[in-house]
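# Chains, contacts and geometry: an overview
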Amino acid sequence: MAKNSDKKVELKTVLSEIFKNSDTVINNSIVSGTGKIDKQKFHILGTQEETFLGVDEAAEMAKQVLDIIENDTETLPILLLVDVVGQKLEMRDEWLGMYRYFSHLLKCLHLARKKGHKIISLVYNQAIGGSFIAFGLMADRIYALDHATVAVMWLDCLLYTSPSPRDRQKSR
């Protein structure tokens, strides 16, 4: 699967094309807010273009999901806007237990679903690996724009992380 970098869509374009009007804020590469399609209101939660998901981003998203659960009396659907290029490869995030933060975010999304919120993901550019698993894959429905790419890992990265047959023979 080739990288599809020539057809990137900006978050603001996605928001303006989907919603007649929306009210969003961005904090730490995480977009949150509300929008309306026809008469249906939605909670909006997602990532800016090409976000690397780490501890701070997962914590911010989990906080937003918990705020939705606590304050939403209408049980509005949650639209997850996805453009993640992978998890952060920083020592700080690893030491803080990044995957525990991802797990916490997943549990928050699960709680939102149990409370009656429908969860919808829209991949608007790309969704790569653990960062997509950490939130976008948790949806009831997952959609992607025509040009979007979903992958576990790029092939060139896989080559660096997988031992070659020659390496396997040396280790025996």
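Please refer to the structure placed before this passage.
Thresholds applied
Residues numbered from 1 in each chain as written. Predicted model: local features only at pLDDT ≥ 70, side-chain atom pairs only at ≥ 80, totals over all residues. Heavy atoms only, no water. Helix = DSSP H or I, 4+ residues; strand = E, 2+ residues; numbered from the N terminus. Contact = heavy atoms within 4.5 Å. Areas by Shrake-Rupley, 256 points an atom, 1.4 Å probe, with all protein chains shown as cover. Core = buried A, V, L, I, M, F, W, Y, C linked by side-chain atoms within 4.5 Å. Buried < 20%, exposed > 50% of the residue type's maximum accessible area, 1.4 Å probe, protein only. Polar contact = N/O pair within 3.5 Å; in protein donor to acceptor, adjacent residues only side chain to side chain. Expected span 1.5 Å × (residues − 1). Arc of directions from axis to C-beta.

## Some points on the overall build of the protein
A count of helices and strands for the protein gives seven helices and eight strands. Counting contacts in the protein only where the partners sit at least 6 residues apart, residues at least 24 apart contribute 68% of the total. Accessible surface computed for the protein: about 10,300 Å², of which carbon and sulfur atoms make up 53%.

## Thoughts on the nonpolar core
By size, the foremost hydrophobic cluster in this structure holds 29 residues, and its most contacted members are Val65, Leu109 and Phe135. Those elements that provide at least two residues to this core are α2 (55-71), β5 (78-87), α4 (98-114) and β6 (119-128). The biggest single contributor to this core is α2, with seven residues. Ignoring sequence-local partners within four residues, the contact set of Val65 consists of Leu45, Leu105, Cys108, Leu109 and Ala112. In this structure, Val31, Ile44, Leu79 and Leu81 belong to the second largest nonpolar core, which totals 12 residues.

## Here's the deal with the environment of Asp72
Considering the arrangement of structural elements, one finds Asp72 in the loop between α2 and β5. Given a relative accessible area of 14%, Asp72 falls into the buried group. The spatial distance from the C-alpha of Asp72 to the C-alpha of His117 is 9.6 Å, given a sequence separation of 45 residues. Each residue touching Asp72, except ones within four places of it in the same chain, is listed here: His43, Asp67 and His117. Engagement of the side chain of Asp72 in a polar contact is seen with the backbone nitrogen of Leu76, the distance being 2.7 Å.

## Re α4
With 17 residues, α4 extends 24 Å from end C-alpha to end C-alpha; this agrees with the ideal 24 Å at 1.5 Å per step. When we look at burial in α4, the residues that qualify are Met98, Phe102, Leu105, Cys108, Leu109 and Ala112. Down the axis of α4, the sector holding all buried residues measures 115 degrees, keeping them to one side. The outward face of α4, more than 90 degrees from its buried face, is lined by the exposed residues Arg100, Lys107 and Lys114.

## Some remarks on unusual backbone geometry
In this model, Asn28 sits at a positive phi of 55 degrees, which is unusual for a non-glycine residue. The topology assignment puts Asn28 in the loop between β1 (21-27) and β2 (30-37). The phi dihedral of Glu50 is positive, around 55 degrees, even though this residue is not glycine. Inspection of the secondary structure puts Glu50 in the loop between β3 (40-47) and β4 (51-53). For Glu50, a relative accessible area of 40% gives the class partly exposed.

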